[in-house]
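Survey of secondary and tertiary structure
In case you want the letters, here they are:
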Amino acid sequence: IARSRASFSYSVDRVASWFIRGGVLPDKSFDLERAIEVATLITNNCYPRYPLKPFISSSERIELHGNLLNPVVDLLTNCLQNVAEHSGIVGIAPRVDIFVERQLDGRLKIKVRNEVSSQVDLITREADMRKLAEERDVVSRRSVALEGRTGIRKMKRILRYDLDEI
């Protein structure tokens, strides 16, 4: 009986450990270009047939606090996955340019621009994006999970909540 209880207790502890959040992110700063590389690797693992090779343009080397790593990589990955899924380019990887600029007020402006096929209906896509961008309620994780297209709800949640908590 004692051995069964110990074995059962060990199994419960092992399964419970799967749901424990990992340690806190380090305070060590990271280079934004490194975050772009990580996001590119993640995207290319999901879409390996035509790997993206973004061209990065930045006027300076930008270092960010370590606790920003996950949200920044999530945002960049979302952008790059949108390029891979929605550019309409077939048979080759679309051209991707990432522009990074520090604003006068200290904020960062990161712009991801990509090649788009002439077959893509930009007017409809822009209208859809505008509609999603103007939505007020992004609190619901259900709405994030149901979107399943551009990931803009996820990006809004990251910008509004994940980065705001830091």
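Up top is the structure.
Below or above, wherever it landed, is the structure these notes cover. (Residues numbered from 1 in each chain as written. Predicted model: local features only at pLDDT ≥ 70, side-chain atom pairs only at ≥ 80, totals over all residues. Heavy atoms only, no water.)

Below, the discussion takes up the side chain of Asn 44. Structurally, Asn 44 is set in helix α2 (residues 32-46). A polar atom in the side chain of Asn 44 sits 2.7 Å from the backbone nitrogen of Leu 52. Setting aside chain neighbours within four positions, we find Asn 44 in contact with Pro 51 and Leu 52. (Helix = DSSP H or I, 4+ residues; strand = E, 2+ residues; numbered from the N terminus. Polar contact = N/O pair within 3.5 Å; in protein donor to acceptor, adjacent residues only side chain to side chain. Contact = heavy atoms within 4.5 Å.)

Moving on, we come to the packing of α2 against helix α3 (residues 69-86). To describe two helices that pack against each other, one gives the angle between their axes and the distance between the axes. Interaxial distance between α2 and α3 falls to 8 Å at its minimum, and their mutual angle equals 45 degrees. Our classification of the angle between α2 and α3 gives oblique. Seen along the crossing, α2 lies across α3 with a hand that is right-handed. Between α2 and α3, the contacting residues are Leu 32, Ala 35, Ile 36, Val 38, Ala 39, Thr 40, Ile 42, Thr 43 and Cys 46 on the first element and Leu 69, Val 72, Val 73, Leu 76, Thr 77, Leu 80, Gln 81 and Ala 84 on the second. (Axes fitted to C-alpha atoms, helices over the stretch in contact; angles between N-to-C directions. Parallel < 35°, antiparallel > 145°, perpendicular 65-115°, else oblique. Left-handed = near helix turned anticlockwise from the far one by under 90°.)

Before going further, it helps to examine the pattern of salt bridges. Scanning the model with the defined rule gives six salt bridges in all. In this structure, Glu 63 and Arg 61 form a salt bridge, with 2.7 Å as the shortest nitrogen-oxygen distance. By relative accessible area, Arg 61 is classed as exposed at 57%. Here Arg 95 ties to Asp 97 by a salt bridge, and the two come within 2.9 Å at their closest N and O atoms. Of the residues examined, Asp 97 reaches a relative accessible area of 11% and is grouped as buried. When salt bridges with common partners are traced through the structure, they connect Asp 31, Arg 61 and Glu 63 into a single cluster. (Salt bridge = Lys/Arg side-chain N within 4 Å of Asp/Glu carboxyl O. Buried < 20%, exposed > 50% of the residue type's maximum accessible area, 1.4 Å probe, protein only.)

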